[in-house]
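Here's the letter readout for the chains.
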Amino acid sequence: MYQTLAEALQWASSQLVEISDTAKLDAEVMLLHVIHKPRSYLYTWPDERITSEQSAAFQQMVARRAIGTPIAHIVGEREFWSLPFMVNPTTLIPRPDTEILVETALNLPLAQNAKVLDLGTGTGAIALSLAFERSTWQITAVDKVIEAVALAKANRDNLKLPQVEVLQSDWFDAVNQYDFNLIVSNPPYIDEEDEHLSQGDVRFEPQSALTAAEHGYADLFHIAQSARDYLAPGGYLLLEHGFEQAITVRNKMIELGYESVSTVRDFGSNDRCTLG
Ligand code: GLN
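Along each chain, the written sequence defines residue order, and numbers are assigned to residues from 1. In view of the model being predicted, local features appear only for residues whose pLDDT reaches at least 70, and side-chain atom pairs are presented and counted only at 80 or more, with totals across whole chains, interfaces and linings using the full set of residues.

(A) Representation of the environment of Ile146 within the structure. By definition, any uninterrupted DSSP run of H or I lasting at least four residues is a helix, any uninterrupted run of E lasting at least two residues is a strand, and each is numbered from the N terminus. As for its position among the elements, Ile146 is in helix α8 (residues 146–158). Each C-alpha atom, one on Ile146 and one on Thr90, is 9.2 Å from the other, the two residues being 56 residues apart in sequence.

(B) Highlighting the UniProt feature "binding site: substrate" (unreviewed entry) in the chain. Taking the numbering used here, the UniProt-annotated feature "binding site: substrate" (unreviewed entry) corresponds to Asn186, Pro187, Pro188 and Tyr189. Take Asn186: it is sitting in the loop between β6 (180–185) and β7 (190–191). The contact rule is simple: place each C-beta atom from the backbone, and if two of them lie within 7 Å, those residues are in contact. Beyond its immediate stretch of four places on either side in the chain, Asn186 contacts Thr98, Leu101, Gly120, Ile126 and Glu240. With respect to the element layout, Pro188 can be found in the loop between β6 and β7. Excluding anything up to four places from it in sequence, Pro188 contacts Ser208, Ala209, Leu210, Thr211, Ala212 and Asp219. UniProt positions are given in the numbering used here, feature names are shortened, and annotations may be inferred rather than shown by experiment.

(C) Highlighting unusual backbone geometry. If you check the backbone angles, Lys160 has positive phi at about 55° while not being a glycine. In this structure, Lys160 sits in the loop between α8 and β5 (165–168). Non-glycine residue His215 carries a positive phi angle of around 55°. Following the sequence through the fold, His215 ends up in the loop between β8 (211–212) and α10 (218–227).

(D) Geometry of the site of the ligand. What makes a residue near a molecule or strand is its C-beta atom, placed from the backbone, lying within 6 Å of it. Inspection of the region around the ligand gives Leu92, Arg95, Asp97, Asn186, Pro187, Pro188, Tyr189, Ile190, Val202 and Leu210 as its neighbouring residues. Residues are sorted three ways: Asp, Glu, Lys and Arg are charged, Ala, Val, Leu, Ile, Met, Phe, Trp, Tyr, Cys and Pro are nonpolar, and all the rest, Gly among them, are polar. Counted by class, the shell around the ligand contains 7 nonpolar, 1 polar and 2 charged residues.

(E) Summary view of the pairing of strand β1 (residues 77–80). With burial as the criterion, only one face of β1 is covered, namely that bearing Arg78 and Phe80; the residues Glu77 and Glu79 on the opposite face remain uncovered. Here β1 runs beside strand β2 (residues 83–86); their pairing, made up of 4 bridges, is antiparallel. Looking at the pairing, Glu77 lines up with Met86 of β2. At least two DSSP bridges between two strands are needed for those strands to be called paired. The loop that links β1 with its antiparallel partner β2 comprises 2 residues; one of these, Trp81, has a positive phi angle of about 55°. Exposed residues have 12 or fewer other C-beta atoms within 10 Å of their own C-beta, buried residues have 20 or more, and partly exposed residues fall in between, where C-beta atoms are placed from the backbone.

(F) Looking closely at helix α2 (residues 23–35). Under the 1.5 Å per step criterion, the end-to-end length of α2 is 18 Å for 13 residues, consistent within 8% with the ideal 18 Å. Within α2 the residues assigned to the buried category are Asp26, Ala27, Met30, Leu31 and Val34. For α2, the buried positions fall inside an angular range of 125° around the axis, keeping them on one side. Note on α2: the residue one or two positions beyond its end, His36, has a positive phi of about 55°. One fewer than the residue count of a helix, multiplied by 1.5 Å, yields its expected span. Regarding the arc, it is the one traced by the directions from the helix axis to the C-beta atoms.

Next up, the structure:
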């Protein structure tokens, strides 16, 4: 079938071209994971022979990818904010779009000892990226899913950011501080009827991280409503949402009494989050 690294890549790409727009990249990521080498190795030593053990592991990975399993689940990792996050099927795989939330939060005029809450933290991507950039912020991350809490804690330990507190809580239910300077969340916001849910990689992610009732607005609205009781005077709420939800979220926040409500676009020019 193949003998060398270059041939293995060629073979895998041809297996994946039907199901993935990024077949060649997928093949590279999996092969590098198997041979434990940096990317440049494939280009420097394309004629290196692959061992039979490596080949068996690689073929298993390619088979999983061929049925649509996300690359992040296969290699157990995804980069976010240039940091490595362990991922598993119990939470959302961090998306590059969400980096705009981190960037927006970092640009706020917050004190050195700002108190920050991340709701529905999943892998911990938002909370831990903020902690990485602002070591003096007091950051709490919560998730209602116990496996997500464990994963966020594992990422916290792996990234050596022990100052971040991780709690199990269904939104605010177990939160007992009322003076946050910033509350951030990337909650589930997809309409339960959305046809995209039955296509592609998203099928392998949990519904609990993706969909919400009321056409995707239930959790966004619940958080916006409750957050008012947990924010310090002058505190900020920053929510990620679908790009077509910006006006509705904005109007809801204004109705709830938030001031200076503004929409922030992501790097793909989509209205991705709202700040108030
Ligand atoms: N933006 C993600 C997607 O489209 C969904 C993230 C979320 O629901 N919070 O797959």
